[in-house]
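# Coordinate inspection notes
Given next are the chains, with one letter for each unit.
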Amino acid sequence: MEFRHLGRSGLMVSEISYGNWITHGSQVEEDAALACVRAALDSGITTFDTADVYAGTRAESVLGRALKGERREGLEIFTKVYWPTGPGRNDRGLSRKHIMESIDGSLRRLQTDHVDLYQAHRYDYSTPLEETMEAFADVVRSGKAHYIGVSEWKASQLREAHAHARELRIPLISNQPQYSMLWRVIETEVIPASEELGIGQIVWSPMAQGVLSGKYLPGQPPPAGSRATDEKSGANFIARFLNDDVLTRVQRLKPLAEQAGLTMAQLAVAWVLQNPNVASAIVGASRPEQVHDNVKAAGVKLDADLLKAIDEIVEPVTERDPAKTESPAQRP
Ligand SMILES: NC(=O)c1ccc[n+]([C@@H]2O[C@H](COP(=O)([O-])OP(=O)(O)OC[C@H]3O[C@@H](n4cnc5c(N)ncnc54)[C@H](OP(=O)(O)O)[C@@H]3O)[C@@H](O)[C@H]2O)c1
């Protein structure tokens, strides 16, 4: 495993981190979840990402059980707050009330007294940013989180939050956006602003939820047991990538991966890590073999000719519009 600084901070994270959205507490059984975390630890992954909302809070509990007994100082545990965790109108968003209540729930479920990074899962247009940042400052000062991050915030929102964080003297060090060969919306605005502010990216769905592994074939039903067959939630989220134009182009990446001596999954994960503002690629996995496959993307350099050849194939189906970095206009 290779390690990078998260933004302009002293915190180091593994280039590949492990995330448990859709899988833990939902798509996969507990023993498979525990086996995936074991595989991640055995492969040198030290950074784990979850959220209060995943699987209706069950994902944090699964991760807490999976990491129990590990040396806490050897791990970086990240969670998030914003999406609904209960039926009440205050069980969501970035109000002081919800942040203070949610961090305690997360720590209880994760069986730890602090998280390394506490992230605002989206921007909350119905809470003054000042209120949110002051609540985050109290979370940091009480020792419940070491650093603060955000997820899917626009460049202008990052700038505003960064100014508050400076004033409050708390470390706002990361953003968590979607980023892959097929989803490059952060490149024109979010990345330049982040570089200027010392914010690093921990990117999600680097494999476009499994699509860039090449296992979904155009005109064919999805493979048994894959996310596209998970009617509980996965199938909805992956649907946007499952059209024949995308899948045909993804198949054309196969010879490029072979030439580079990589699997398609490794090529996809290595691709996001070529961007120096990306500190870590968060991969998901439903089986330990996938973790073993994906971690080999750490430390891989892709040459300029290969990157150009990839661009030529995927460009017509790649999303680049910076306006796609968005948070709900109304609190969900
Ligand atoms: N901040 C946010 O708003 C946000 C949103 C989404 C995700 N995230 C974070 O990012 C993490 C990763 O997201 P993701 O799960 O969508 O990432 P991903 O790495 O793009 O997709 C992971 C899925 O692809 C399949 N897969 C993984 N490795 C494979 C391989 N080697 N060969 C074939 N298939 C493979 C598996 O699904 P199947 O085996 O079921 O097909 C796996 O669950 C999440 O767990 C979460 O921590 C954050």
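Residues numbered from 1 in each chain as written. Predicted model: local features only at pLDDT ≥ 70, side-chain atom pairs only at ≥ 80, totals over all residues. Heavy atoms only, no water.

Turning next to the packing of aromatic side chains. Tallying each qualifying case throughout the model produces eight aromatic pairs. Look at tryptophan 21 and phenylalanine 237: their rings are 4.9 Å apart centre to centre, the planes differ by 70 degrees, and that puts the pair in the edge-to-face class. Residue tryptophan 21 is located in the loop between β3 (16-19) and α1 (30-42), and its partner phenylalanine 237 is located in helix α7 (residues 234-238); the two are separated by 216 residues in the primary sequence. Tryptophan 21 sits in the partly exposed class, given a relative accessible area of 22%. For phenylalanine 237, a relative accessible area of 37% translates into the label partly exposed. Between tyrosine 179 and tryptophan 271, the aromatic rings sit 5.3 Å apart at their centres with planes inclined by 45 degrees, giving tilted as the arrangement. Highlighted residues: tyrosine 179 in the loop between β8 (172-175) and α6 (190-197) and tryptophan 271 in helix α10 (residues 264-273), separated in sequence by 92 residues. Of the two residues examined, tyrosine 179 and tryptophan 271, each falls in the buried class. Among the aromatic side chains, those forming a connected cluster through ring pairs are Trp21, Trp204 and Phe237. A cation sits over an aromatic face here: arginine 240 above tryptophan 183, 5.3 Å from the ring centre. (Phe/Tyr/Trp six-rings, centres within 6.5 Å; stacked < 30°, edge-to-face > 60°. Helix = DSSP H or I, 4+ residues; strand = E, 2+ residues; numbered from the N terminus. Buried < 20%, exposed > 50% of the residue type's maximum accessible area, 1.4 Å probe, protein only. Lys NZ or Arg CZ within 6 Å of the ring centre and 35° of its normal.)

Counting 92 residues, the largest nonpolar core has Phe48, Tyr118 and Val211 as its most contacted members. The dominant element in this core, judged by the number of residues it contributes, is α10, at nine residues. By size, the runner-up hydrophobic cluster in this structure holds 11 residues, among which are Leu11, Val13, Tyr147 and Ala279. (Core = buried A, V, L, I, M, F, W, Y, C linked by side-chain atoms within 4.5 Å.)

Turning our eyes to something else, we now look at the pattern of salt bridges. Across all of its chains, the model carries 21 salt bridges by this definition. In this structure, the salt-bridge partner of arginine 4 is glutamate 15, at a minimum N-O distance of 2.9 Å. In this pair, arginine 4 sits in strand β1 (residues 3-5) while glutamate 15 sits in the loop between β2 (12-14) and β3, placing the two residues 11 residues apart along the sequence. Among the salt bridges present, the one from lysine 97 reaches glutamate 101, with a minimum N-O distance of 2.6 Å. Here the residue lysine 97 and the residue glutamate 101 both occupy positions in helix α3 (residues 96-110), the gap between them amounting to four residues, near one helical turn. (Salt bridge = Lys/Arg side-chain N within 4 Å of Asp/Glu carboxyl O.)

Right, let's get into unusual backbone geometry. Of all residues except glycine, most have a negative phi; of all peptide bonds, most are trans. One non-glycine residue with positive phi stands out, namely isoleucine 22, at about 70 degrees. As for its position among the elements, isoleucine 22 is in the loop between β3 and α1. The class for isoleucine 22 is buried, based on a relative accessible area of 5%. Phi at alanine 55 is positive, roughly 50 degrees, even though this residue is not glycine. Within the secondary structure layout, alanine 55 lies in the loop between β4 (47-49) and α2 (58-67).

On their own, these measurements won't tell you what the molecule is for.
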